[in-house]
Each structure stands twice: as structure tokens, then as C-alpha cells.
Amino acid sequence: MAQNEALSDAAVSIDRALTKLREGFMERFRAAGTEQALREEYAKVLGKKGELTAILKELGKTPASERKAIGERVNALKQEVERGFEQCLSDLRKKERLAELEAPPFDLTLPGRLPVSDGGHRHPISRVREDVVSVFRQLGFAVFDGPEVDHEENNFGLLGYPPDHPATDMQDTFWTDKKVLLRSHTSNIQIRAMKSVKPPMAFIAPGTVYRRDDDATHSPMFHQIEAFLVDRNVTLAHLKGVLAEFAERIYGPGTPVRLRPSYFPFVEPGAEVDVGCVFCKKPDGTRPGCSLCKHTGWIEILGCGMIHPVVLENCGIDPEEWSGFALGMGLERIALLRYGIPNIKLLFENDPRFLAQF
Amino acid sequence: MKASYRWLKELLPALNASAAEVAARFTHAGLEVEGTTEYGAGTESCLVVRVTGVRQHPTKSGLRLVTVDRGGGQTQEVVCGAPNVPDPGGLVVLAPLGTHLPAKNLTIAPRNIGGVTSEGMLCSESELGLSDDHGGIIVLPMGTAEPGTPLSQAVPNVRDTIFEIGLTPNRPDGLGHVGLARELAALLDIPFALPATGEIAKTADIETKSLCSIIVEDAERCPHYGAAGAVDVTIGPSPLWLKYRLQALGVRSISNVVDITNIVMLEYGHPMHAFDLDLLRPANAPRILVRRAKEGETIVTLDGVTRTLVADDLLICDGEGPVALAGVMGGESSEIRSTTKRVLFECAWFDPRGVRRTARRHAMHTESSHRFERGVDPGDVARVLDRAVALTTTLAGGAATRGRVHVQGTRVAAEPEPPARKKVRFRGRRVHDLTGVDVPFAESAAILKRLGCEIVTPDASKDEHEVLVPTHRPDIGREADLVEEVIRVHGMDSVPAELPRIRASRDVGGREELARRAKEICASVGLSEAITFSFTSGRVLEVLGAPPPAVRLENPMAEHQSVLRTTLLVGLLDAVKNARRHGERDVREYTVGPVFLAPKDPNDPLPDERLRVAFAIAGDRPAWLEKPKPFDVWDAKGYATEIARRISGRPVEVVQASRQEAPPHLHPRGAAFVHVGGERVGAFGPLHPDVVDALELDGEVLVFEMELDPFVGGAATPKFTPIPRFPASTRDIALVVKDSVRAGDVEAAVREAAGPLAEAVRLFDRFVGGQVPPGHTSLAFRVVYRSPERTLTDAEVDAAHANVVAVAQSKFGATLRA
């Protein structure tokens, strides 16, 4: 539409109102010192009873031939106002944030406050961990610390895992960019201990381990406790004796233990250990079976065996003179069973409503 | 590994243990039976019947009425909707009234279908649980059985008990039924003999070696390549016994020759391959070449996928190119098809490590690679080939070619050089030494013999023996392995439980005890223990201004778990975020664990793992019968100093951080360091609002993180100070000072001014508003005066206290609050 063409009165009036608004709104927005004030100013322009809203209503009075062009101008201004508002809001917030950060410091020489409380809670895994550590400590085992990021040889090689062997499939491992790994079991401590301490030795190694597994029963990070004894004349019978003691103290008096042959590269003979199911145990000591023990009356709790002579040799210990046993268990499984927790994920979400139950 | 009870019984005529007993025995010997399924349950009541008439259903267009002969002159009419009802004379399977079919959880009862009552059902394989084929009813070959014969009698293999055995990777011998039968015989002490490979029905007057030339370029990766041949074969369906045996074991039946390679693999545990000889090139003089792939070379494997190879992959090639990925999968170009007439069977021994690398590299886990990776028996190549050829001549009408070809390095012959057996020293007493169980040598020797070992005793007066280990047991290489075999078969239940006399060790490192103490202390002040992931992302660490990750994972499970944390706060803040997402505003959690920092020596690939404790508190502070109020920085100070004090056993100093040195994740108004013995050990404060926004924490969070390693030796031992014998006098003083004056500075001044008689000064009230002028704060202190030697007089105390007022006024412009 040509500018010089005569406009209707309504159009001229709208045009004048638009110009006035355009010249004035930013100043009003900028003057608002708080978000609240800014929003109020904004409402005065674009709210239900706002000035621009009122102009929009006038649009109907203009002749149809002019309406489109004026409509476009009204819309353009509307967008301009919205942009201006967002800009001012953001500036205001920045200013507020800056003011907040630059406010005088809190007086931290005032005494600290220790709120009254109903007491904190220990994580179920920690509870199990300390119970198990305590049992082994009472039997004479001490704790050997070690790192969670370790060399491949401590985690696999010296434990007798052949390279490119399917045994490593049992543990899908995280590797770092420096060609070391997140330990996939606490057995790396066996190697570290046997390389650095002369036998006899009786150690446990509780700790965090990592495997590339993530489902209802597996977490990529979980916890194990390893126990190992190296001395003269250590036999499988001693291992069973320690396991029986462990089962008595952790699962209750009279809990039976059985060994089933199995395979772990670093033990020979190797076995898996079942304890009598604690869930379907009847007062007379029988175990009719339940869903938790898959109706067998037994629950698998750990793997163990006599330390493989190759492993002893790898650590400079003569297998003709010394023998030893090792056992390793997952703590999550014990915790899930003990507390009736249905999903391993709950253990690592740290929901306050979960933690408060223990 | 799926194992057939029926097949084991065929291999062990002396076996009279039930399936349940076999499962228990296997499990007890380390071959864990993880599940048992009944294949073809319900087939016992099904009958083979002959179709005698077929007519259209009177009202339903898709259905037909089939009259069948049940034998003994009985006929009956059943409604059938299958598309493949045979013409009269054809044999089908009838489930009579009352039959229960567990596969469909269905019991056959009279049914009215469109006005016709049907008292029975003609069955498909899927209805009988024989396969998932539900495309039509089972049509049995003519002559399978007389009408009226129970199906399970006509085709015994439709009924079986299948064990799902969770084999450990050291037992490749268990991946075939012959190996399982040998194991079971040893466990139950019943006789075992290798099965016969079977009669060759017909031999052609052609030498196998004239069929095809075989060249092994890489004898290290393929120490033994064996081949045999058959000509004039007719490819067709397998007989029912073979079809259902394979299907019972989860293998689809394809054609007689392909099925033969599969059944032989399931029998011996040794994978084999069949080539269509007429598709091997060049056509006039076919060749087999075993060589390493060229970098970038391609092969289309049987599954139709084009694989790009690397130089470490081993190939079977013909005269023109690859025909199989050795030990993993055959190629498309030379596979057996319906027109195949001449077959070349391959049975080889490939290096397990090489097969494993190739299988993993191409993400192909096949029945074949699974077995080769674990180490198949290098001693059964000839037997496996003979078995395949014999079956081919009986099942595919072919004629065997004369002789086998065995290529072992440079040696090429019709009979293989038997592989060397490992020789292992064995002393009978070592069983007792390692297990505590007295197993007489004679029993040990008997067990080892049953497992296939040969025992040589050079000097009968000595307990020193040589055991020759059979080639099907690659896992046995040392005396301890033999001891395991003995105790495994003898029974681990016989191991007595004896408590060892342990010579106690001493803790090495001391972090477990340190962590335990820290956890107990944090819980005792009212925080709950979180166990947080060590994984996080580089971005989160950057947002927190924590040190950049020292450990990056090469194979993380997700981007947000791709590095190891350099601050414990990441996991705690995750917990806050999750709690708030669930509408839980109040969080008071701590965690104890390592952070993974850059090693001191940059060449050390292991990070510096440092034990720390951290907490995050957010939401309302716990209080007794009060309107809830949000946590503030003095709560963080209270928790932080109490935790640090109890862990260290020493006085704790809080040093407010200047704006410049405030840790980037903390709010500059309230960031503070915690010092013990002059050393900075931790920091606390409100989280920086930008961090709150970036991590979407939805509100203020106060955090603390502290090093634990300096306290690994335990808390300092408290030293006794004598309990005062004389009474104390107390004076309270309320001072009004400007807001900018720090309470601690006033307290220090009061302490100094009160002189040596002041035993303690404690701020007990802080008040703003009321009559206190704006911009001012009232601070009320209680000063305790006492002498260790005598009771103080009021005059003495008043004099000391007067000085306090004077100093406060002059130093801080303080006024006494009325």
C-alpha cells in the first residue's frame, strides 16, 4: 500500500497509538527494578487489559483494505515487545544473580549449628559389608587395601586368565584410555598382597568393582569381599570350615553349606558355595523350597577354591611349600536377599525414603 | 549347552539313572544343570492316523472334515483348518480326546465347530511343542508307522528330556554328547565306549585327494585340516529321528547334509563344515587354501552379511577367494543347496585364540566359534569325518570317496598324526594335601582312567605317577587340575569342615577402618549414607569446577558414565536431583569413597585414588516441634566441623574463603575451608547458584567434601585435663555492633579483654530488630571466670569484666544493649 494514500481515521488513530507505544515501552521495562515490577509493566502492554491488546481490538474498526497492513504492524510490535520483555527479564536476572553473589559474605565466625535429629542411616550394602568384615576379622583375617583402577596383570594375567580366553567373557571389563582397567573383582588384591607380603597371610579385601552389565540384577558398579589364606598345609577342608563359620554367623546358626565344583581360572579345585535357604527354612530345620531358592532349598552365595599353583608361582610363592584358599562374594546379592529389596537399582538411587529404612 | 537325555541313554546302555538323577549328578560335578524341559510332552497320547476322506465343512468355508483311520478298524471325523491336509492315504498325527498339550496349555475336549462336533485334533509341530512351525499339520512320510501307533513309538525322538547345562568355559568336551556321556559314565562309574562311526553304505571309486587340492598356508592357526568327500548325494529332508533330535536340541532342520554336519557337531562337540564341491573354484581343479585374510578383503557369510576382514582373520578360500571364515561361519558362495551332488566335508582344529579374536571382532558368536574358542578335541578329526560320511551315505544316498586328507603342517596323509598328550606329574597324597580328604591312590587312579587318562607308575614303591591327559581335556595341565578331577568325581560333599589355625595378619593400608569410622560418625550426626557411582561425565565435573577427569573409560556404557569422578559431590547431587524429582525436598546424605585424581607421576597409568567423605544437605533442617526452616550455611558448618573434629580427634578451624580463592562450585558469600592442624582438608558452603541451575537441582544445596587419607592413622588420642575444683562465676554481656562486624572478632576481643581468669567465652544470643538500630546486631556473650587455685571474689570478676565492656566499645564502637 502506498504511504501517501489517505488512511481512514481508525487507521490513523491506531498508527499513532502504535508509534507512541513503540517509543515508550522499553523505557518502562528497563525502569522496572524487580521481576515482579517488570511483569506488571509487561501486563500493562500485552495483558488482557494491556495497551497493545486494546489496539488489537480496534483493528476491527479499520476498513478491510487497510486491515492486513495494520495488522502486520501490530504483530511486529507485539513481537518487539515480547523480545524486549525477555531481554529485560534476562538482564534483571543477571543483575539479581550478580547482586546475590556480591552481597556481603555470611558471618561464618558465628558458631556452627548441629541440628537435633533422629539419627542417620547406614546404607544396606555397608551394613552387610561391615558384618562380613567383622566375621572374618574375628577369625583372624586383616584387611588389605588396594586400588579400584588397576593393571590388567593384577586383575587377569597373574590370576591365570589366558589372553583371548572365553573365561574373560565371564567379566566384561571397563578399560581406560591408558590401557588399564577398572577392576572386575576384588581378586586383584590377592595378587597385590601375595606379591608384597610373605606367607603366611590371612587377608580380606572388601571393595568396589566394575563390570559392563546393567539390568535388574546387575549394576555396572557393585561390591565384593575377597578372603584368602596362604599358609602351610591349607586344604579345602579349611576353606569349608571358614565357610561354615561364615554361614553360621551371617545366615544364622545351623545354616548348612555345600560346595559344588565350578571353574574360576585362579583356583583349582574351584567351587561354588550354596547355603541352606533362609527363606523357606522351617522350625524343624527342613527347607521345602521357595521362589527365592528356585525350589531347591539352597541359595548360591559365593565362589571359592584352592589358590591355583600358577597364581602362587606368579607371585613368587612356592606351591609345594605353601597352599591357600580364596573366596569371593558379592555384597549386593546378600543385601538384596537379607532386606528383601527387589531391584539392585534401588541400592544406588540413594532415595532418602529408601535409605531411611535401614 | 542343550543335552538330550534320550541320546545319553543311547550312548550309555548301562545308564539307569532317571533324568532328575542325571541332572543332580551333573550339577554336583560342576556341570550345572540350570533347567530341564520336557520336549514333546503330550506326544505320548497322540496317534499316527491315516487320512481316508476329506470333505468341505458344511458351514465354515476355511475348514474341512477329515476322516482318519485310527487303526483296528476305527475311524473318526475331525474338523481341521490346516492348509496342508494330505490326500487320502497320507499319515497325520491325531490328538485324541483327553490329550493334554502343554505347549499350548490345551486339553482336547469335544468341540462344536459350526454345527459339527470334533472329538480330536490333527496337530502341527507347534501344538506338540516340537518346533514353532504352525504353518500346517504334521504330515508323516508314507510308511512311518501303521495307523493307531502312538507317535512317540513311531518316532521316539519326538519325546525327550532336555537339560540346559551351564558349562564353564574350561569344559569344551561337554559341548558334545559323546563328551557328556563320558563324563556321566565317570561320575556314575558305568561303562563307556566311543560310539561307532557307522557303516559306509557305498564307496565310490574316487580318491578324496583327487577331488580337491588342499593347501594350509598358516599352520600355526590351523595345525590340522581334515577333509572327506561324498558324491552322488541327493539333498532332501532328513529322516524324522534326525529332524526331531536336532529340533529337540534347538537346531532347525534344514536338509539331510546340513543336518548331518550339525548332528555330528552335537555328538562330538567338534564343528564341521560341508562345501558343495561343484561350487569350489576353479571348476576343473577345485582348491582349498587356508590363509590369513588380506586387510580389507571381504566375504559374504552364510547369514548374508558382507564382512570386511583384517589380516588377523583366518580364511578358508577356494582357488578364487574366501569361502569360509575359519571356525566361525561358512560363506554363501559354496554352501550346500538343493542341487548339490558332491560334498566336501571339512573338520579342522583351529587355534582357539585366533577364532575368538575373529568372532569378537565381527561380533559373531556361533555354535562353531563357541566350541573352537574353548578348544575342541584335536584327536577326533578322523572320527568326526568318518561319522559324517557314513551318515551321508545312509541318509543322502551318496557314495563316500576313498580315504581322507589330513594336512598337518607340511605332512599330508590319509591318516592323521595323533596329537601329543600332555604328561602331568601326579602324587596320590596331593589329593589329601589340597582337599583334606583321604582318597586312596587306587580310587584316584580309577577316577582319572574313567575320565580318559592313562596312568604310568615308573616305580611301584614311590607315590610318583605320570598321567597322560586325553586330548579332549585341554583344561588339565597340572597336578592341581588332576586333584580337582578326583575330588569333583569323588564328591565335594566328602570334604570335612575344619577351622584353620590362622596366624593373624595386620591391616595393610588402613582405609577400610578409616572409611568405617567416617561412615559411623556421619550417620551419628544425623546424615544418611549414600553409595554413589564412581562414574560421571566430563561436563558435570566441569560445571562443578572439579579437576578434569584423570580416568577416561574407553568403553563406557553411556556418555554420562564415561569418566571417573574427581569429586564425591557428583553422586550426592544426583541423589538430590532424583529425590527432588520424586517430590522429596529434604535430603541429608553423605558418602565415603575414593576420587580418582591425576597421578603424581604423569607416566603412571593408574590414577591417584584418594579417600574422601562428602555430604549434601538440602531442604528443611530437622527440628523439634518447630515450624520447619531451611538449612543454612551454619548447619553446613556445624556438620562439617563436627565430622572433621571426630575423624581427626583434633580442633577444627573454619577459614572463610575470600572471593578470589572460593572453590568454584561454592557460593562466594558462604564458601569456607576446614583446617585441621593448620592444613586445609576440606571445604563447605552453599552450592554456587550457577551450579544449581546447570545441574537442575531445583533449589539451594549445601555441600561439604573432605580428605580422609590424612587421618588413616586414627583420631588423635584425647589428653586429660584436671577437672576444676573451684566454682566458676559467669557474666553475660550483650553488645550492639554494626552488621559488618564479625561475631568471631568480637568474641576474640572479649576473650582477650577478659584476661587469664576467663575460662570460656560463648556467644549465646544474636538478635536483630526490635530496639536494636537498623544496620546493627546485638551479640550476647556469656563469659565464664574461674581460677584453678581459688574461689574468685565478685570484685575480681567485676574488674575483669569491666575491661571487656571497655575494649568492646573502643574496638568495635559497641554499645551495651539495655
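Remember, predicted model here, so these are calculated numbers, not experimental data.

### Describing the sheet that holds strand E36 (residues 652-656) of chain B
Residue and element names in this part refer to chain B.
Link 1 in the chain: Spatial ordering of the open sheet is given by E31-E34-E35-E39-E38-E37-E36, a layout of 7 strands whose pairing is mixed. Of all strands in the sheet, those with a lone pairing partner are strand E31 (528-529) and E36, marking the two edges.
Link 2 in the chain: Relative to strand E37 (residues 672-676), E36 runs antiparallel, the two being bridged by 5 bridges. Bridge pairing in E37 links Glu653 to His675.

### Observations concerning the environment of Arg67(A)
Residues and elements named next belong to chain A.
Link 1 in the chain: Position of Arg67 among the secondary structure elements: in helix H4 (residues 64-102).
Link 2 in the chain: Along the backbone, Arg67 and Asp107 are 40 residues apart, and their C-alpha atoms lie at a distance of 63 Å.
Link 3 in the chain: What Arg67 contacts, discounting residues up to four positions off in sequence, is Leu59, Gly60 and Thr62.

### As for a nonpolar patch on the surface
Link 1 in the chain: Where nonpolar side chains cluster on the molecular surface, the patch consists of Val116(A), Trp624(B) and Leu625(B) and spans about 420 Å² of accessible area.
Link 2 in the chain: In this fold, Leu625(B) is placed in the loop between strand E35 (608-618) and helix H18 (633-648).
Link 3 in the chain: Taking relative accessible area as the criterion, Leu625(B) reaches 71% and is therefore assigned exposed.

### Observations regarding the sheet that holds strand E5 (residues 221-231) of chain A
Link 1 in the chain: Here 7 strands make up an open sheet; going across it, the order is E1-E4-E5-E9-E8-E7-E6 (chain A) and the pairing mixed. At either margin of the open sheet sits one strand with a lone partner, and together these are strand E1 (142-143) and strand E6 (257-262) of chain A.
Link 2 in the chain: The sheet contact formed by E1(A) and strand E4 (residues 201-210) of chain A spans 2 bridges and is parallel. Paired with Val143(A) across the bridge in E4(A) is Ile204(A).
Link 3 in the chain: Contacting E6 and strand E7 (267-276) of chain A, helix H14 (residues 479-490) of chain B crosses the sheet at an angle of about 35 degrees to E7(A).

### Considerations on unusual backbone geometry
Link 1 in the chain: The omega torsion across Pro199(A) and Pro200(A) is 5 degrees, close enough to zero to call that bond cis.
Link 2 in the chain: Take Pro200(A): it is sitting in the loop between helix H7 (188-196) and E4.
Link 3 in the chain: Cis peptide bonds are those with omega within 30 degrees of zero, and the linkage from Arg281(B) to Pro282(B) qualifies with -10 degrees.
Link 4 in the chain: Of note, Lys179(A) is a non-glycine position whose phi angle comes to about 65 degrees, a positive value.
Link 5 in the chain: The topology assignment puts Lys179(A) in the loop between helix H6 (152-155) and strand E3 (181-182).
Link 6 in the chain: Its relative accessible area of 55% is what places Lys179(A) among the exposed residues.
Link 7 in the chain: Unlike most non-glycine residues, Asn233(A) shows phi in positive territory, near 60 degrees.
Link 8 in the chain: Its location among the elements puts Asn233(A) in the loop between E5 and helix H8 (236-251).
Link 9 in the chain: On the basis of relative accessibility, which here comes to 61%, the residue Asn233(A) falls in the exposed class.

### Observations regarding the layout of surface pockets
All names here are of chain B.
Link 1 in the chain: Computed from the structure, the second largest pocket encloses a volume of approximately 1100 Å³.
Link 2 in the chain: What lines the second largest pocket is a set of 44 residues, and nearest its centre among them are Asn262, Met265, Leu302, Glu367 and Ser368.
Link 3 in the chain: When residues of the lining of the second largest pocket are traced back to their parent elements, those giving at least two are helix H8 (256-268), strand E17 (273-276), strand E22 (322-325), strand E23 (329-330) and helix H10 (367-374).
Link 4 in the chain: Among the elements that make up the lining of the second largest pocket, the one with the highest residue count is H10 (6 residues).
Link 5 in the chain: Considering only residue class, the lining of the second largest pocket consists of 24 nonpolar, 12 polar and 8 charged.
Link 6 in the chain: Composition of the lining of the second largest pocket by domain shows at least three residues from each of domain 1 (2-40 + 160-188) and domain 3 (203-413).

### Observations concerning the domain arrangement of chain B
Link 1 in the chain: Here the domain parsing of chain B yields domain 1 (2-40 + 160-188), domain 2 (43-158), domain 3 (203-413), domain 4 (423-490), domain 5 (511-711) and domain 6 (729-816).
Link 2 in the chain: A straight line from the C-alpha centre of domain 3 of chain B to that of domain 6 of chain B covers 97 Å.

The rules behind these values
Residues numbered from 1 in each chain as written. Chains lettered and ligands numbered in written order. Predicted model: local features only at pLDDT ≥ 70, side-chain atom pairs only at ≥ 80, totals over all residues. Heavy atoms only, no water. Pairing = 2+ DSSP bridges. Helix = DSSP H or I, 4+ residues; strand = E, 2+ residues; numbered from the N terminus. Contact = heavy atoms within 4.5 Å. Patch = residues over 30% accessible without salt bridge, like charges linked within 9 Å, V, L, I, M, F, W, Y side chains within 5 Å. Areas by Shrake-Rupley, 256 points an atom, 1.4 Å probe, with all protein chains shown as cover. Salt bridge = Lys/Arg side-chain N within 4 Å of Asp/Glu carboxyl O. Buried < 20%, exposed > 50% of the residue type's maximum accessible area, 1.4 Å probe, protein only. Axes fitted to C-alpha atoms, helices over the stretch in contact; angles between N-to-C directions. 1 Å grid on protein atoms, 1.4 Å probe; cavity = no way out; pocket = protein on both sides within 12 Å on 5 of 7 lines; lining within 4 Å. Points joined across faces, edges and corners; volume = space filled by probe spheres on them. Nonpolar A, V, L, I, M, F, W, Y, C, P; charged D, E, K, R; others polar. Domains from an automatic or database assignment.

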